[in-house]
Each structure stands twice: as structure tokens, then as C-alpha cells.
Amino acid sequence: MNLSEFIKLNRDRILDAWFLSIANTYPAETVKFLTENRDKFTNPMGSTFREALPAILNVLGGPEEEIAAASSAVRDIVRVRAIQNFSPSSAVAPFYYIKGLVRKFVCDATAKDPVPPKELDAFDARVNSLLFLAFDIYMECRETVWRVKYDELMKRPFMVREGVMCPSYLLKKGMSVDDMEKIGGAE
Amino acid sequence: MAKEPTPKEMQRIDYNPPAPGWMDTPVNIKPGMYCYPAKPEKIMDVDMPNPHKWSVTDEDWHLPADWKETFLEGMRDRLNKHRSFKIFMDICVRCGACADKCHFFLGSGDPKNMPVVRAELLRSVYRGEFTKAGQILGRLAGGRKLTPEVIKELWYYFFQCTECRRCSLFCPYGIDTAEVTIIGRELLNLLGLNINWIQEPVSNCYRIGNHLGLQPHTYKGNIEFLLDDIETYVGIRINPTFNRKGAEILFATPSGDVFAEPGIYTLMGYLMLFEHIGLDYTWSTYASETGNFGFFTSLEMAKRLNYKIYAEAKRLGVKWILGGECGHMWRVIHQYMDTFNGPADFLEEPVSPITGTKFENAKSTKMVHITEFTADLIKHGKLKLDKSRNDHLKVTFHDSCNPARAMGLLEEPRYVIKNVCNHFYEMPENTIREQTFCCGSGSGLNASENMELRLRGGFPRANAVRYVHEKHGVNVLANVCAIDRAALPALMDYWVPGVAVAGISELVANALIMEGEGPRTQNLRGEDIPGREEAGDV
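Student: How would you sum up the overall build of chain A? Please name residues and give values.
Tutor: From N to C terminus, chain A includes 10 helices and zero strands. Starting at the N terminus and walking to the C terminus, you meet the elements of chain A as α-α-α-α-α-α-α-α-α-α. Among the 187 residues that make up chain A, the fraction classed as buried is 51%. Approximately 9200 Å² of chain A is accessible, and the part contributed by carbon and sulfur atoms is 57%.

This is the structure in C-alpha cells:
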């Protein structure tokens, strides 16, 4: 059996195990909640992971698919983990877990019609690409956090110095953007 | 070269983290999750205790010598003074009904963000230091002693609660965890451990009149600048009055509306609405803040800041007060004001001079919410509206925690929006009205340095916005709170790009047909209204 077929056949089991491995990166009390509550809105984290994983597995399992096709689903997961307590490597680690999980399922399956080892190697290579993609997206998310911070500071002229007025007023008064940046510098 | 692990070996990797109990999990203070400490001089401005320099990341927070006695004495005092606090410390059975209701828990997965555990941080000190069982049995009875490490933990997590009270909605005992946070923060304030994002606005408000520290001429000057903008975009000149004695109504609103984007557009909306109906009202450069960050330091400070609104209403001799779109201000007015500074018997029971409607719900506080007032005007057909001007907007409404849960303002905002916009879509039922998810930045946590915290806390709300954004193409998140207007744009930018944030009064004003107006090809933000750029709308 080729790996694509194997993944199709065992899709639900693989997805459940993958989801659980991600849930297990959170404290024990949280794992229970993440796995049990299936509501999209009262368990946004769990439902985000649950909805994104099938799309990613489809891309991984289809050898002809470009890994980039998983970008949107990867972003959904990484966007959540990029602002949580994880180190960068831990934030993207769940995409690595799928390697071991698929191997485990392949090994556990009866050996009547084994998946060729070469296909597992090719799968590993695709997971590696997925990890690179996840890391790029992680960095994109972190850059967004900083941009959002910066934009917010620039919109808060009252923070910078007493007597400074709002930017459009200063523009109207003839002050240039450069001048504004000078008076808007950190205290 | 390292030996490649066999598939069997790879199976043995255990991804489960060890699971110590919460008391054994040390607090891991992380940048992005906290706000900077209060500056000593800002604490001194309002005579609050123990101003001192300290840094969150330092080992030593330079607590005063008698820190333990101060904290425990303060706790004893409050246990005696607030029966609610004593009950909340005693009766929780840890049923867990609140555990998964907090937006910070849902966004972070940190169990100490479960309301039950957050309260337990203080409750364990209560048991360990105040109850016989806890004093004798210690951890067996769920008690622990107060240590500097515990102080750090309390500080970290009480400033990860926005006092939104969503959890209290689900507690079978009616425990209000927000009140535990309020007392917890009061106790920390006794040690000089506040955050500057709260303390500086408190000082500004107390000394100058508003959180931003806008002096009277600046406050007036900026409103005049917004009047210029109205003249540009609408084609009419409005001339409101300031500090006018004898006006019928005093209008008071958060100072964020005067300076911060997109609050300024909401303020332009107020100005146009009052002009439209010919309201006899005045602005005040002294009662120039209705938000009350004092509420996030101590109830005593909240009382001091609340008082100036009523003192100004008395000085000007108005009949009643109309309040702008704000969040916690309305909790303070609706649930605390009467106890703080009431009764406001020098004011009259509010009656709309335009419709004659008596606002019986404001009988005691004499303060009416602008959205109630506007809804009443629409109901009586007093506004000329062209809602098609908002046709390019697909609007959803975020119930701000305090107006929704603390004063029951649920229908009026929806009624107003539906009357000024043709496209309105509700977010899912379990994320709105009483069950609304907080913006994640309330209770003085809308600084920028704690952006990760805000983004985590705002995730459940953003998740629901994303749903209507994808399903219906929603592009405007309307609300009635100045902190929402300040905080939600960042949240949308990260989680749901393409959704703008607007106060309801801005939407109203864009639809208002003003007497003598120009072609109205632009909205109050100076943006072209689609389909009206060239033809003009006469």
C-alpha cells in the first residue's frame, strides 16, 4: 500500500492522535478542556487546531501537493501559538510530531501490505518542508505583533509628551511628519 | 554521526508534560504579559501608599519592610468590610463551572487563568493565614503562607484579569471573581505595586480632570479641531458650549474619544447628533473624563474620581447628565456611584427634552447612556436618517462587558445599528449579550507593552468576529466602549485583518441628514463613501 492510501484509510485515527499531541503541549488541566469541548466559539483554540489539521494532513498525504497549499491552515495554528508561552521551537513543534505519529501507525499496522520505507522517507522530507513553512509563518506572526505594537504607539500621541496634540492637528498646524517623530520620541 | 533512531524508538517519545499542581508550578513572568510598574511620583500625586521604584524582572521588588503585615492587615480589614469578599473566600466548592469561561484561559491555556484558580491564588492565602484549618493543616486544607513569591504570582495574575465578569455569569454560587481581582489589586496597591498604565491616568484624572491629562484649553482645542473636520466632511459648522452654567444637560464622555482614533469619530457623532436635535447641553473641561481608572486601583480612588462628575454637574446647575459610549464607567455609575457619592439629589430624574421619555432606570444616578438616549430618539422618529450611506458597511456588534453585564444594555445598541445600517450580522449566540467575550484589554490593561496578553485575551472575541467576517463579509466591529475602540483595532489587525472598529454614534452620524449639509460624499473619517464620490448625494 502506498502511504497516501494508508493515510486516507487511517485519517481519523491519525488526526485524533495529532490533535492530542498538540493538546498535550499545554498543562494537564488544559488538555482535558481542549479535547472535550467541541464548540467552535467557547473552545476557540481547540477548534482552531481541529479544523486546521485535516487540511494540513491532506497536503502532506498527497505527494503531488505543494506544501505551500497548507499555508492558511498552518497560519491558523501558528498564529495562536506565536503569542503563547512557547519558545519558537515549541511553537512549531506540533508539525514535527506528525513524523513520529505516521511512523507509529505504519509500524502498528499489519505487515501484509507494508508501506515502502522510501515513501516514509519522502514523507519525512515533506514534513521538514512543512516545518520550514511553519517557522516562516511564526516569524511573520511575531513581526505582526511588533508592527501592531508600533502602530498602536504611533496612534497614541498623548503618550509621548505633555502638550503634544494629535498628529492630524499638528499636520494642519504645518508641522512635518519628521518634526512629529522628533517630539514623539521615547521619553 | 548520531545513530538514526528506529521507528520503534521514535514511538517511545512521550510528549506529555509532567503535571505538578498549581501550587507547585512556579510563576514564570514573561515579557509581553505584563505592564510596566507605576512611577512613584504618580502614586504620590494621589497619596496612595508605598510609592517606590521596582522592576518586574528584578528578583527583589523592594517591598516595604512591613509588607506582610500591611498586606494581611489590609486583607483582614476588607474581609470585615466587604461581606461579599468574605463569602467569595469561603464558599467556592471548586466545581469548575467558571474554569473555561475566561477569555485569558481560552487564549492562553494557562490554568492559572481559570477564574477558579486565579481566585484560589488569594483564597489559599486566606486559608493559610486566616482560617484555623489552614493554619494547622496548611496545604492539606488548601492553605499557604504569604511570601514574596506569592506576591509576585498575585500581581502577575490579577493583572491578567479584565474584571469582565463573564465567569460570574456561570458560577452557581454567584461568586464574582472580578470582585476578588478588585480586592486583590487593592491589596497590591497597599504595597505600591500598581501598573503605570493605570496609575498615571489616575493621577492625571485627579489633578487635571481626565486620564490623558488634557488641560482645559487642549481639551476644547481638540474638539474644535474635530468641528473643523465636520465642517469639511459634512458642510456645517457646529458651535457647542463649554462649561456653560444653566445648560439643561451636562454631556460627559471618556477622554479617549477626544484624542484617540477611532474614538474621535464617535465624538464627532455626538456633536452632530446634539446639533441635529437642538439639545440644550454643555461640555465640561473639568468633568472631562467619565472613564474611571481609579476603579482599577481601589474603591476609595474610584470614589474620588467619580465625585468630580457630580460636583461639576452641581456647579453648572444642569438638570441631569448624559454619558458617552464607555465601558467600565457604566459599571461604576450603575453599581457603585450611589454608594460612593449618592444620592445626587441636586439633579432631576432624567427626561428627554426631545421626546419626553422619562429614563426611570436612571432615577437614582441621574445619568443616561447615549445609546439609550439615541434609541429613544429613533423610536420617536426624531432623527432624519439616510441609512444607505452606510450600505458599504457590514456591521457586527461587540457587547462591551460592562454595559452588557453590569447594566443590561443589550437591545438598544442593536436597535440603533439596525436603524442606521442596512447590513447587520450577529456573532454567535454564546459570544454576545451577557455571554460576550471581553476585548482582552479592559480594567486598565490596554497598554502596548503587554500586547501578547491582550492578543491572547482577545482571541475568543476575534474568533467570533472572524466567523462573521468569513461568513457574511463583516467589515465593521461596532461597540459602545472607549477601551474597545482603543484596543480592538490591534486585535483585528492580528487576528482578523480587514475589520474596522467604530463607535455606534459614528455610524449614526454618518446616516444623519443634517440641516444645511453639503453633498456628503465622505464619511466622518474623510473616506469617500462608495458610489457617492462623483455623483454626490444631495
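Student: Can you tell me about the overall build of chain B, naming the residues and giving the values?
Tutor: Within chain B one finds 23 helices and seven strands. Its C-alpha radius of gyration of 25 Å places chain B within 12% of the 24 Å reference for a compact globule of 538 residues. Dimensions of chain B along its principal axes, counting C-alpha atoms only, are 75 × 65 × 40 Å. When contacts within chain B are restricted to residue pairs at least 6 apart in sequence, those whose partners lie at least 24 apart make up 76%.

Student: If you had to explain unusual backbone geometry to someone new, which residues and values would you point to?
Tutor: Residues and elements named next belong to chain B. The residue after Glu261, namely Pro262, is reached through a cis peptide bond having omega 5°. Considering the arrangement of structural elements, one finds Pro262 in the loop between α13 (256-259) and α14 (263-277). The omega torsion across Gly342 and Pro343 is -5°, close enough to zero to call that bond cis. With respect to the helices and strands, Pro343 occurs in the loop between α16 (328-341) and β4 (367-369).

Student: Lay out the domain arrangement of chain B with the relevant residues and their values.
Tutor: Residue and element names in this part refer to chain B. Here chain B is described as being made up of domain 1 (22-194) and domain 2 (202-511). For domain 1 and domain 2, the distance between their C-alpha centres works out to 30 Å. Listed as interface residues are 35 residues of domain 1 and, on the opposing side, 38 residues of domain 2. With both sides pooled, the region where domain 1 packs onto domain 2 buries about 3100 Å², and carbon together with sulfur makes up 60% of that total. Taken as a group, Val46, Arg165 and Arg166 account for 17% of the area that domain 1 buries against domain 2, more than any other trio of residues on that side.

Student: How would you sum up the environment of Val117 of chain B? Please name residues and give values.
Tutor: Residues and elements named next belong to chain B. Examined against the element boundaries, Val117 turns out to sit in helix α6 (residues 115-130). For the pair formed by Val117 and Tyr157, sequence separation is 40 residues and the distance between their alpha carbons is 9.8 Å. Contact partners of Val117, with chain neighbours within four places excluded, come to Trp22, Pro111 and Lys112.

Student: Residue-level account of the environment of Pro49 of chain B, with values.
Tutor: Residue and element names in this part refer to chain B. Along the chain, Pro49 falls in the loop between α2 (40-45) and α3 (67-81). Pro49 sits 144 residues away from Leu193 along the chain, and the two C-alpha atoms are 9.5 Å apart. Residue contacts for Pro49: discarding those within four places in its chain leaves Ile43, Asn189, Leu190 and Gly192.

Student: Just give me the short version of the interface of chain B and chain A, but keep the residues and values in it.
Tutor: Listed by partner, the interface residues are 54 residues for chain B and 51 residues for chain A. Buried surface at the junction of chain B and chain A, both sides included, amounts to about 4900 Å², of which 60% is carbon and sulfur. Connecting chain B to chain A are five salt bridges. Here Asp493 of chain B and Arg147 of chain A are joined by a salt bridge, their closest N and O atoms 3.1 Å apart. Across the contact surface, chain B and chain A share 14 residue pairs in polar contact (both at pLDDT 80 or more). Where the side of chain B that touches chain A is concerned, the elements lending two or more residues are α1 (7-11), α5 (103-108), α12 (216-234), α20 (451-457), α21 (459-472) and α22 (482-495) of chain B.

Student: Give a detailed account of the pairing of strand β6 (residues 476-479) of chain B, specifying residues and quantitative values.
Tutor: Residue and element names in this part refer to chain B. The two faces of β6 match: Val476 and Ala478 on one face and Leu477 and Asn479 on the other face are all buried. Two strands pair when backbone bridges link them, and strand β5 (residues 395-397) and β6 are joined in this way by three bridges, in the parallel orientation. What sits directly across from Val395, in β6, is Val476. Summarising the sheet, β6 and strand β7 (residues 500-503) pair through four bridges and their orientation is parallel. Counted as the bridge partner of Leu477 is Val501 from β7. In terms of handedness, the path from β6 via α22 over to β7 forms a crossover that is right-handed.

Student: Break down the side chain of Asn390 of chain B for me, with residues and values.
Tutor: Relative to the helices and strands, Asn390 of chain B is located in the loop between α17 (370-379) and β5. Contacts of Asn390 of chain B, omitting those with residues within four sequence positions, involve Val420, Cys421, Leu507, Asn510 and Ala511 of chain B.

Student: Would you mind going over the sheet that holds strand β1 (residues 249-252) of chain B in detail, with residue names and values included?
Tutor: Residue and element names in this part refer to chain B. Across the sheet, four strands lie side by side as β2-β1-β3-β4; this open sheet has parallel pairing. Looking along the sheet, the strands with just one partner apiece sit at the ends: β2 (281-283) and β4. The average angle at which neighbouring strand axes cross in this sheet is 30°, direction not considered. In the sheet, strand β3 (residues 320-323) pairs with β4 via three bridges, with the strands oriented parallel. Residue pairing in the sheet places Gly323 in a bridge with His369 of β4. Against the sheet, α17 engages β1, β3 and β4, with an angle of about 70° to β4.

Reading the values: the criteria
- Chains are numbered independently. Their residues run from 1 in the order of the written sequence.
- Throughout, the order in which chains and ligands are written sets their labels, letters from A for the former and numbers from 1 for the latter.
- Note on the predicted model: pLDDT of at least 70 is required for a residue's local features to be given, and 80 or more for side-chain atom pairs to be given and counted; whole-chain, interface and lining totals, by contrast, use all residues.
- Computation of side-chain values covers all heavy atoms of the structure but excludes hydrogens and water.
- A run of H or I in DSSP becomes a helix once it reaches four residues, and a run of E becomes a strand once it reaches two; helices and strands are each numbered from the N terminus.
- Here the term buried applies to any residue with accessible area under 20% of the maximum for its type, exposed to any over 50%, and partly exposed to those in between, with areas from a 1.4 Å probe on protein chains only.
- Under the convention used here, a 1.4 Å probe and the Shrake-Rupley method define accessible areas, while residue burial counts only the protein chains that appear.
- It is over C-alpha atoms that the radius of gyration is taken, and the globule rule equals 2.2 Å times the number of residues to the power 0.38.
- Contacts are assigned to residue pairs with any non-hydrogen atoms lying within 4.5 Å of each other.
- Boundaries between domains were set according to an automatic or database domain assignment.
- By definition, the buried area sums, over both parts, the 1.4 Å-probe accessible area that each loses when the two are put together.
- In what follows, salt bridge is the name for a side-chain nitrogen of Lys or Arg lying within 4 Å of a carboxyl oxygen of Asp or Glu.
- In protein, a polar contact means a hydrogen-donor-capable atom and an acceptor-capable atom, both N or O and within 3.5 Å, with residues adjacent in sequence counting only if both atoms are side-chain atoms; elsewhere, any N or O pair within 3.5 Å suffices.
- Note on pairing: two strands pair once DSSP finds at least 2 bridges between them.
- Here, the term right-handed applies to a crossover whose path from the first strand over the helix to the second runs clockwise when the strands point away from the viewer.
- Convention adopted: a line fitted to C-alpha atoms gives each axis, helices being fitted over their contacting stretch, and angles between N-to-C directions are expressed from 0 to 180 degrees.

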